[in-house]
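# Architecture at a glance
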Amino acid sequence: MGEEDTNPRPRRDFPAFPFEPYPIQTEFMSFLYSFLDKGGGVAMLESPTGTGKTLSLICSAMQWVVDHKEKKQLLKSMKTDAKLGEANDDGNCDEPQWMRDFDITDVEKKEVPRKRSEFGVGDFDKKRSGAKSANVEKMGVQSLDDEEDFLLEEYISEDESTEGGFEKSKRKRDADSNWSSSSDEEEDEEVTPKVYFCSRTHSQLSQFVDEFRRTRFALALKVTCLGSRKNLCINSDVLKLRNPSRINERCLELQKNQKDAKLKVLDDKGKMRRSKGTSGCPMLRQQKLQKLFKNEVWSTDAMDIEDLVQLGSKIGTCPYYGARNMVPSSDIIVLPYQSLFLRSARESLSINLKKSIIIIDEAHNLADSLTNMYNAKISETQLKRILDVLEFYINKFRSCLGPGNRRYIQTLIVLIQSFLQKLHEFLGTSSYRDEQGIKGSLADTSMTINDFLFSLNIDNLNLVKLHRYIKDSKIIHKISGYGTKLASLQSHNSICSDSQNNSEEGSILSGFQTLDNIIISLVHNDRDGRILLSRPKLSGQKEEGYIKFMMLSGHTIFSEVLDQAYGVVLAGGTLQPIEETRVRLFPNLSRDEVHFYTCNHIVPPESILPIVVSHGPSGVDFDFSYNSRNSLNMIGELGRLLCNLVAIVPEGFVVFFSSFDYEGRVYDAWKASGVLSKISKKKIVYREPKSSNDVEHVLKKYKETIASCDTILKDTGINGAVLLAVVGGKISEGINLSDGMGRCILMVGLPYPSPDIELIERVQHIEGLGQAIPQRCNKPFRNSSNDGHEAESGFGFLRRCKQRGKEYYENLCMKAVNQSIGRAIRHVNDYAAVLLVDSRYACSQLSQNMSHPTNKLPLWIKQRLVSSTQNYGEVHRLLHKFFQFNRQKRHTGGAEAQIGLGYS
């Protein structure tokens, strides 16, 4: 009995699951429930697409939350009963039972006004002090007579005041932090533990909500979807701005300008206009509508972003603040990556992660997503434009500005001048000689943060204070608004003519915001990032240098969340190889401290045929390594392989290449040799476009061709289509190639990423984890236009790497392979073949080593992998039987086919 108490059996019943779960789904849910029940931590759960991963996550995690709350409530009741029993035993209680049952504290709690919620519904008709700021905090422009609107309020620096920054009363005007409920409104009770579910895109979050509605939890638990203002705002005047940053600032400005009757709006063409008389945002004027919005959401099944927008539009109140208002009382918060992992976003949304459960879907790209959030790049053109506007501004308003503002604007000017001088020095150096005296063309160079700061000669500048000034003073929007105003009225002025460029990158506002991001980056720990100086080589375009901060350490960001949460769950269809994620996100945890679970695919074994193809039809060994892949013999043998395969592979056939450049070389060689015309006799050939905007059009044509191959194309001999795709492109990352769109996936070689300077810096960082800060010198990086010398030198560096860096590089390659081949087999009735074309995939004694590529494949591929060491004829035979079997199985409605595959 005691043994059962200490080691209880894992829970295997999950009544919220909407139908009878498959065994692998039960195992998945049982593992997650046990992980939470044993104290949480970090878990990685891998479940192939099509196996009901989202439903399994919901039903197991929420079942644990419900059970946990019931246990807490039971324990609380037992303690209460025990105390009542002690009171009765004392015999000192003369009150009748009905009075003892009446808990007066509950009434008192309802009568006592609660503290104001930071994000409650505000009374936007209430008069506020300091109304003057409402008239000067505007980006809009009406005429040159309104230049005082762009004046900065007096800034009191920390050197002059113990409080620092703006006066206390002025600081309270921050609209976002003071958008609060009136004093007579109760604050919602904080629900714990909460579940935070996050993913990369709003469509993925909407899919989660759809799955949640299918469970019985939809009626019992409260769900809130959080999104950006751009996705949730329903104020048409604000939405016209289109730029997310401008939408955010306009929203905050409207809240501060409640007394202003004539709002100035900057439209999407950069022109200024007056709007009709108004008072703040019309979607936030009536507090009762926000209450109605909340009540409507809580009385309905779970709502996604689109549902919230529709409800807000119907009621006439803001869904963005309505959703934020419901965070404390929600059981589940659905939100994008940025809202969870950006500290500023968490603080803005009042997100409390303590004792919470965090589920991160599509976690295979989490490490890259975290570092990209903090990357910042500013071009030479942007720096010059900001400098011109700053100098013009201070010359225009010098006599009106106080000493604090003048001092900080001058500091900004000095800093920008230092950046430009550094760039000019770098751009003026066109070549270098390495340790062997070999001359090379300089493209990129990297520096530590400290080395970069020392090279600027700005030791006396306090970047922390400077950033605080930019944030508190709202100088970005004052000066950007003024610069845009001048651009619209004085197009002949050289200072402002460039700012008429309507592109987001070229705008004064986005440039100034990027500058602030660079300033923030420079106060990071020296080991967390690198500064890159680059002169991109773009054919036919003017060279332009830039300064970029590259965040190296995703684990610093991840640890802020991990340290607060009860448990963090990383889920995905393909998480292998897990070491790449562990090293980048939680290197301080050993492998044993990370709970990993992977399940097989839901489809039967006979529906998947993965084969290693080591030899081509002519007997040539396939070797697509960097030094061999460009040989005409290798490209020709790959073409002969496809000519044979298109005759037996039905419907859709997707071929993945390592890069657009290599795909282009192969395509041109096939076209010149006649291979392409032979392939086209059986399948129409499509190519993935470089522009992601054109991918949908190509996929539509590809799908239409496959759909018509049994009817329209039947008499022509065409049996489907071939799609030439690229690893790392849009098709490899997020496109479903289910059913006929992906009957066969062919991976050409091992797609190791090109070793550019950013990858090399990241590898160096990973090699140094847990070690003392290594001595390093800032080395230039050769130009990629120099006949591939950049990649060659990069590969040479990687060959000299230590085990940790080398393994990381190999893991990046296999993660890309797994994502690409995972595009096929999307549901239980699907079937597909997967061909790994390279002799390096072949199993041998080396395959006993965990670093061998096949040991980093997903479980559902690895367990069924056929490693062909024979000739191509064996591969052809296996494929022929595989497709014959599945066609017969499909036509007989799933009945047992009378044919054996012969490869098990």
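Quick caveat, the model's predicted, so the values are computed rather than measured.

Analysis parameters
- Residues numbered from 1 in each chain as written.
- Predicted model: local features only at pLDDT ≥ 70, side-chain atom pairs only at ≥ 80, totals over all residues.
- Heavy atoms only, no water.
- Helix = DSSP H or I, 4+ residues; strand = E, 2+ residues; numbered from the N terminus.
- Buried < 20%, exposed > 50% of the residue type's maximum accessible area, 1.4 Å probe, protein only.
- Polar contact = N/O pair within 3.5 Å; in protein donor to acceptor, adjacent residues only side chain to side chain.
- Salt bridge = Lys/Arg side-chain N within 4 Å of Asp/Glu carboxyl O.
- Arc of directions from axis to C-beta.
- Pairing = 2+ DSSP bridges.
- Axes fitted to C-alpha atoms, helices over the stretch in contact; angles between N-to-C directions.
- Parallel < 35°, antiparallel > 145°, perpendicular 65-115°, else oblique.
- Contact = heavy atoms within 4.5 Å.
- Nonpolar A, V, L, I, M, F, W, Y, C, P; charged D, E, K, R; others polar.
- Expected span 1.5 Å × (residues − 1).
- Core = buried A, V, L, I, M, F, W, Y, C linked by side-chain atoms within 4.5 Å.
- Phe/Tyr/Trp six-rings, centres within 6.5 Å; stacked < 30°, edge-to-face > 60°.
- pLDDT = per-residue confidence, 0-100.

## Considerations on the side chain of H852
Tracing the backbone through its elements, the reader meets H852 in the loop between β21 (832-837) and α36 (859-862). A relative accessible area of 7% means that H852 is categorised as buried. Among the polar contacts made by the side chain of H852, one reaches the main-chain carbonyl oxygen of A842 at a distance of 3.2 Å.

## Some thoughts on the pattern of salt bridges
Applying the stated rule across the entire model yields 30 salt bridges. As a salt-bridge pair, R591 and E807 come within 4.0 Å of each other at their nearest N and O atoms. Separated by 216 residues along the polypeptide, R591 in the loop between α27 (578-585) and β14 (594-598) and E807 in helix α35 (residues 803-821) bring together distant segments of the chain. Among the salt bridges present, the one from E651 reaches R743, with a minimum N-O distance of 2.7 Å.

## Details of helix α21 (residues 449-456)
Residues I449, F452, L453 and L456 constitute the buried set of α21. The buried residues of α21 occupy an angular sector of 95° when the element is viewed end-on, so they sit on one face. Among the residues trailing α21, N457 stands out with phi positive, at a value near 60°.

## Notes on the sheet that holds strand β13 (residues 567-572)
Read across the open sheet, the seven strands follow the order β3-β6-β2-β7-β13-β1-β14; overall the sheet is parallel. Here the strands that pair on one side only, and so sit at the sheet edges, are β3 (223-225) and β14. Put simply, the sheet's adjacent strands are angled 15° from each other on average, direction ignored. Relative to strand β6 (residues 332-336), β3 is paired through three bridges, and the arrangement is parallel.

## Observations regarding the pairing of β21
Each regular strand carries side chains that alternate between the two faces of the sheet. Of all the six residues making up β21, six are buried; the element is thus mostly covered by neighbouring parts of the structure. A two-sided burial pattern is seen for β21, the buried positions comprising A832, V834 and L836 on one face and A833, L835 and V837 on the other. In this structure, strand β19 (residues 744-748) lies alongside β21, joined through five bridges in parallel fashion. Residue pairing in the sheet places M747 in a bridge with L836 of β21.

## Details of the environment of S631
In this fold, S631 is placed in the loop between β15 (608-613) and α28 (632-645). A distance of 3.2 Å separates the side chain of S631 from the backbone oxygen of S628, its partner in a polar contact.

## Observations concerning the packing of helix α20 (residues 403-427) against helix α25 (residues 508-521)
Between α20 and α25, whose axes approach to 12 Å, the crossing angle comes to 85°. Regarding the angle of α20 to α25, the classification is roughly perpendicular. Here L412, L415, I416 and F419 of α20 lie close against α25, whose contacting residues are F512, L515, I518 and I519. Split by residue class, the contact of α20 with α25 holds eight nonpolar, no polar and no charged.

## Notes on α25
Counted at 1.5 Å a residue, the expected span for α25 with its 14 residues is 20 Å, and the 20 Å between its end C-alpha atoms agrees. Of all the 14 residues making up α25, twelve are buried; the element is thus mostly covered by neighbouring parts of the structure. Regarding α25, the residues found buried are I508, L509, S510, G511, F512, Q513, T514, L515, D516, I518, I519 and S521.

## Considering the nonpolar core
In this structure, F341, I360 and F558 are the most contacted members of the largest nonpolar core, which totals 180 residues. In terms of residue count, α20 provides more of this core than any other element does, ten residues in total. Dropping the residues within four chain positions of it, F558 is found in contact with F341, I360, L366, L370, V568, L570, L585 and F586. Counting 42 residues, the second largest nonpolar core, distinct from the first, contains I611, V613, F653 and W670.

## Structural notes on the environment of C281
Secondary-structure assignment places C281 in the loop between β5 (272-277) and α13 (287-298). Sequence separation between C281 and Q255 is 26 residues; the distance between their C-alpha atoms is 6.2 Å. Every residue in contact with C281, bar those within four places of it in the chain, is listed here: N235 and L254.

## Some details on the packing of aromatic side chains
Summed over the entire model, instances satisfying the criterion amount to 21 aromatic pairs. Here the aromatic rings of Y752 and Y809 are separated by 5.2 Å at their centres, their planes lie at 25°, and the arrangement is stacked. Taken together, the positions of Y752 in the loop between β19 and α33 (757-767) and Y809 in helix α35 put the pair 57 residues apart, joining distant regions of the chain. What makes Y809 buried here is its relative accessible area of 7%. Aromatic pair Y831 and F882: ring centres 6.2 Å apart, planes at 65°, arrangement edge-to-face. Of the two residues, Y831 sits in the loop between α35 and β21 while F882 sits in helix α37 (residues 872-891), which places them 51 residues apart along the sequence. The class of F882 is buried, set by a relative accessible area of 0%. By the ring-pair criterion, three or more aromatic residues cluster together here, those being Y337, F341, F558 and F586.

## As for unusual backbone geometry
Each neighbour pair has its own omega, and for T192 with P193 the value is -10°, a cis peptide bond. Tracing the backbone through its elements, the reader meets P193 in the loop between α7 (168-171) and β2 (195-199). With an omega of -5°, the peptide bond running from Q576 to P577 counts as cis. Here E651, not a glycine, exhibits a phi torsion of approximately 55°, which is positive. Within the secondary structure, E651 sits in strand β16 (residues 651-657). For E651, a relative accessible area of 15% puts it in the buried group.

## So, the environment of N457
Mapped onto the fold, N457 is located in the loop between α21 and α22 (463-473). Along the backbone, N457 and S418 are 39 residues apart, and their C-alpha atoms lie at a distance of 7.8 Å.

## Details of the confidence of the model for the chain
In regions of low pLDDT, the predicted coordinates are not meant to be interpreted in detail. Scored by pLDDT, the chain comes out at a mean of 79, with 75% of its residues at no less than 70. When the criterion is pLDDT under 50, residues 180-185 qualifies, and its contacts beyond four places in sequence or with other chains add up to 20 contacts. When the criterion is pLDDT under 50, residues 432-441 qualifies, and its contacts beyond four places in sequence or with other chains add up to 21 contacts.

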